[in-house]
Amino acid sequence: MYDAQIADLLVCSLTIDTTPVPRKLARLHLVSDILHNSAASVPNAWVYRSLFEHKLPAVFDHLGDIYLSFPGRLKAEQFRGLVEKVRRALSLSLCSRRR
């Protein structure tokens, strides 16, 4: 019942320009944890996976824009590394559940 609202709220908070970058990273980790746990044998846990699968491309597009907006290369690469770690974990999590 609340699954779509939770997904919408998290995606919205990840794509709002005024959300501080550390908060975006923390919320991205939260999405990763939700998706990891969506394989649990709890009724309807899988719903989160299907909701986020359709919304994550917009989130990563926005995070790419943030990466390009950093004035210094060092900060940009540090941000990219943190996002990339989460992206890889998400990728592994989503791919392993399709088998």
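Here's what I pulled together on the structure shown here. Here the residue index of a chain counts from 1 through its sequence in written order. Owing to the predicted nature of the model, reporting of local features is limited to residues with pLDDT of at least 70; listing and counting of side-chain atom pairs is limited to 80 or more, with chain, interface and lining totals taken over all residues. Only hydrogens and water are set aside when side-chain values are computed; all heavy atoms of the structure are taken into account.

Turning to the overall build of the protein, a few remarks are in order. Within the protein one finds four helices and zero strands. A run of H or I in DSSP counts as a helix once it spans at least four residues, and a run of E counts as a strand once it spans at least two, with each numbered from the N terminus. Traced from its N-terminal end to its C-terminal end, the protein shows the element sequence α-α-α-α. Based on C-alpha atoms, the radius of gyration is set beside the globule rule, defined as 2.2 Å times the residue count to the power 0.38. Its C-alpha radius of gyration of 14 Å places the protein within 12% of the 13 Å reference for a compact globule of 99 residues. Overall, the protein is about 45 × 25 × 20 Å in size when its C-alpha atoms are taken along their principal axes. It only takes one pair of heavy atoms within 4.5 Å for two residues to be counted as in contact. Residue pairs in contact within the protein that sit at least 24 positions apart in sequence constitute 62% of those at least 6 positions apart. The accessible surface values rely on the Shrake-Rupley method and a 1.4 Å probe; as for residues, cover is taken only from the protein chains in view. A total accessible area of about 6,600 Å² is found for the protein, and carbon and sulfur atoms account for 59% of it. Counted as positive: Lys and Arg. Counted as negative: Asp and Glu, with His and the chain ends omitted from the count. Throughout, a charge is located at the NZ atom of Lys, the CZ atom of Arg, the CG atom of Asp or the CD atom of Glu. Between the centroid of the 14 positive side chains of the protein and the centroid of its 9 negative side chains there is a distance of 6 Å.

Here we take up the pattern of salt bridges. Any carboxyl oxygen of Asp or Glu within 4 Å of a side-chain nitrogen of Lys or Arg constitutes a salt bridge here. Throughout the structure, instances matching the rule amount to four salt bridges. Between E77 and R80 there is a salt bridge; the shortest N-O distance is 3.4 Å. With E77 and R80 both in helix α4 (residues 73-98) and three residues apart, the pair spans about one turn of that helix. Each residue is assigned to one of three classes by its accessible area relative to the maximum for its type, calculated with a 1.4 Å probe on protein chains only: buried under 20%, partly exposed between the two thresholds, exposed over 50%. A relative accessible area of 27% means that E77 is categorised as partly exposed. Where E84 meets R87, a salt bridge forms, and the shortest distance between an N and an O atom there is 2.5 Å. With E84 and R87 both in helix α4 and three residues apart, the pair spans about one turn of that helix.

What follows covers helix α1 (residues 3-15). What a helix should span is 1.5 Å times the count of its residues minus one. Taking 1.5 Å as the rise per residue, α1 with 13 residues should run 18 Å; its terminal C-alpha atoms sit 18 Å apart, in good agreement. Within the span of α1, buried status applies to D3, A7, L10, V11, S13 and L14. Taken around the axis of α1, the buried residues stretch over an arc of 165 degrees, which confines them to a single face. The directions from the helix axis to the C-beta atoms form the arc being described.

Axis angles are defined between N-to-C directions and span 0 to 180 degrees, where every axis is a line fitted to C-alpha atoms and, for a helix, only to the segment in contact. Relative to each other, α1 and helix α2 (residues 21-37) sit at 150 degrees, their axes nearing to 9 Å. Taken as axis vectors, α1 and α2 run roughly antiparallel relative to one another. Classified by chirality, the crossing of α2 by α1 is left-handed. From α1, L10, S13, L14 and T15 reach across to α2, where they touch K24, R27, L28, L30, V31 and I34. Among the residues forming the contact of α1 with α2, the class breakdown is six nonpolar, two polar and two charged. What sets the label is the angle itself: under 35 degrees gives roughly parallel, over 145 gives roughly antiparallel, 65 to 115 gives roughly perpendicular, and the rest give oblique. Two helices that cross are described as forming a left-handed crossing if the nearer one is turned anticlockwise from the farther one by less than a right angle, and a right-handed crossing if clockwise. Three categories are distinguished: nonpolar for Ala, Val, Leu, Ile, Met, Phe, Trp, Tyr, Cys and Pro, charged for Asp, Glu, Lys and Arg, and polar for the others, with Gly belonging to the last.

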